[in-house]
Amino acid sequence: MKTAYCSIVTTFLLLSHGTSWAAEFAACPTQAFIIQTPSSVPISYGVELATGSYVILSNDMNRLKAYNGVGFNYHDNYIYGWDYQSSTLGKTGDDYIITPLNITKDASAAAAGNFFVGDIAIDENVWYGYKKNRGLFKIPLDDPNNYSMSLVPGSTTNATYKITDFAFHPSDGYIYAVTNGATGSLLRIDPSDGSANNLGVVVTSAGSNFTFGAQFFDPDGTLYLSNNSDGKIYRLNVDEANPNADIFAYGPSSSSNDGARCALAEVPVGGNVDFGDAPDSYGTYMSSNGARHSIIDNFYLGSLVDNEANGYPTPLSDDSSDGIDDEDGISFPTGFELGESAIILATATGTGGYLNAWFDWNQDGSFDSDEKAISGYPLSPGSNSVSIDVPTWGKAGLSWARFRYSSLADIGPTGGVGDGEVEDHQISITETGVTINYYPSSSSYTSVAYEDLYPDQEDYDMNDVIFHLRLIEYVKSEQVIRVEFEAQLAAMGAAYHNGFAIQLPGVAMDKVKEDSIEWSIDEVAQTSSPLESGQTNAVFIFTQDLWDHVSLSNGCRFLRTEPGCGTSYRTTWKMRVPFETTIAQSQMPEFPYDPFIFATPGTDHGLAAKNVVGELPGRKLEIHLKNKAPTDKFATAYFGSREDRSDPDAGQYFLNENGMSWAIEIPTSWQHPLERERLDITYSEFLNFAADKTGNTNPYWYLNANPSLIFQD
């Protein structure tokens, strides 16, 4: 018996050779073509990607079933896609009528059925279609008298990825697609065999899954993705090392959605668009995906709106340059006081519009997700009064607010919208009714001193680490809205490496507004978060290693503990910590909270410390003030080891049998002992003070020193 050929030829006599075609589209049009089939009949839209504005090009493409896998053919300026009604490739000109083509199919193509993934190559006149588990298929379009469809060799075994559209890159020859689901991963597909290289997750959904039914390029390698369910158009540059998709515009939505676009056409802004004028850090210029709206007659904020070719950030605002102030739709009858309500007056022209607004409460130069103050608020024609709450964690001073009016209720602070207006306003955030509590005072510091040989005491000179601290609480209506720390490294007589931190006992870490923390080292702003993860209470790490912040004079081993080793330069830290919600004063820990040191991870801290935990201690070794409980990262095996006599059940921590501790607070800028001079010898009254649990014996022990044993600059 002869072996059968692995392909068969199926001929569709759907079109005579004498058919005349509708005119081709203009060469490489800038608009995107969206084909949707909301109720069996395909409808075509023209979408301006810059704003998402769209028009219906045809509500009847002369078919009764879907038209999918479409692509714009740069070689002849027609659209091609899969015609479900005839189960063949269709061709569409500027009349938007789908005409099925005569094609022959090999056996694999005949068995594949219909396609909803397809596009046309840039460097070859070929339509490619993909079907999961079936493979990648191709139809050359050069000869209108001979269309043949065949399986790309080797592509069947590679056809494992789930996508709903793909697009050819304008220059590199690869196909790109973003997968569907709660996360979208970028695939680079080789058209020679259908193999895909996963370039990583580029977009994550906070709600329903993505279905990117329409995907297309511009000449710069930017891939645009239209999400079926909501019409949001995302964009990402596939040529970047770590591409990430953001919302670019808002277009038409449908459960059945496909798209085509000439990948060599730029994405123009258009001639009738309104931009914002806040500083560009908020997204104002087109290059920053600035907020922008297509201007529609009788649908805007206030009494007028003007158009711009691009954003005009202050002080180059178009209102100043052209003398036309169209920021007349939003006004503020009340101020913006932290922790209070404020009133916004919004005047709307037109019906069916929604107001969204963002306030940069923390003044970091961007509109964060938790700074959306008005969300999808329906406006009636004329004046509307809207109440908002000013968060307590905001920052007093000048800032910016953005207001966007459109027929869409769900939009973000940037990107294009097909109607309405954007208004940016500078605002003043004030802080009234707030009292400030300083510890120890607004003009003085308390000192915290540490002996880092725990759980031994050894020389007990209590100068291994000394910090000067000032703590500040901001209180409104008996509620603490934020705290601030000012810390200065006063001395360091330690050979070991230590970090420094402050714990807020009883204050959960999720009470802290982490993304609004501001902190600096020697007036240099820090970008990392000081809030330590994995803790129950809020713990703030000032540094993992104090030796990173020490400069020593020649011949000196330590900082300000040896004669002649003083310095006018001392590292300073400042930290501003706002709370997500206020904390009652009665629930705040007592001053000075809980400043502590810990062993720098990965460094030696002595054999005694190592033997307790069987390794370099790192964060397992902490030294706190007397009777201050450690953090979650501390190894409780240290309790009771060596000279430690802590009794957690009795609330006693970090003390020896005589009540002496490894850390003390002195409510002044303290004159500390010289290197290897014992604290209880330098300050003779200290021993009796430490032995009295009430603290009533010799409470001012720190004022009476042996002057020959203390460090003096």
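We now turn to the structure provided with this report. (Residues numbered from 1 in each chain as written. Predicted model: local features only at pLDDT ≥ 70, side-chain atom pairs only at ≥ 80, totals over all residues. Heavy atoms only, no water.)

Focus on the overall build of the protein chain
- Counting its regular elements, the protein chain contains five helices and 46 strands.
- Relative to the globule expectation of 27 Å for 713 residues, the C-alpha radius of gyration of the protein chain, 35 Å, shows a markedly less compact shape.
- Dimensions along the principal axes, computed over C-alpha positions, put the protein chain at roughly 115 × 80 × 50 Å.
- Pairs at least 24 residues apart make up 64% of the contacts formed inside the protein chain by residues separated by at least 6 positions.
- Between the centroid of the 40 positive side chains of the protein chain and the centroid of its 92 negative side chains there is a distance of 8 Å. (Helix = DSSP H or I, 4+ residues; strand = E, 2+ residues; numbered from the N terminus. Rg over C-alpha atoms; globule rule 2.2 N^0.38 Å. Contact = heavy atoms within 4.5 Å. Lys, Arg positive; Asp, Glu negative; His and termini not counted. Charge placed at Lys NZ, Arg CZ, Asp CG, Glu CD.)

Some words on the state of the cysteines
- Considering all chains together, one arrives at two disulfides under this definition.
- What pairs with Cys-28 in a disulfide is Cys-262, and their sulfur atoms sit 1.9 Å apart. Judged by the sign of its S-S torsion, about -80°, the bond between Cys-28 and Cys-262 is left-handed. Pair noted here: Cys-28 is in the loop between β1 (10–11) and β2 (32–36) and Cys-262 is in the loop between β22 (257–260) and β23 (273–275), with a separation of 234 residues, a long-range link. The two residues Cys-28 and Cys-262 agree in class, both being buried.
- Bridging Cys-556 to Cys-565, the disulfide has an S-S length of 2.0 Å. What sets the handedness of the Cys-556 and Cys-565 disulfide is the S-S torsion sign, and at about -95° it is left-handed. For the pair Cys-556 and Cys-565, one class covers both residues: buried. (Disulfide = S-S within 2.5 Å. Buried < 20%, exposed > 50% of the residue type's maximum accessible area, 1.4 Å probe, protein only.)

Thoughts on unusual backbone geometry
- The amide bond that connects Tyr-439 to the next residue, Pro-440, takes the cis arrangement and shows omega of 0°.
- Counting through the fold element by element, Pro-440 comes out in the loop between β35 (434–439) and β36 (446–450).
- The linkage connecting Tyr-454 with the following residue, Pro-455, adopts the cis geometry, with an omega of 10°.
- Relative to the assigned elements, Pro-455 resides in the loop between β36 and β37 (465–476).
- With a phi angle near 65°, Asn-62 is a residue other than glycine that sits in the positive phi range.
- On the secondary structure map, Asn-62 appears in the loop between β4 (54–58) and β5 (67–73).
- The class of Asn-62 is partly exposed, set by a relative accessible area of 47%.

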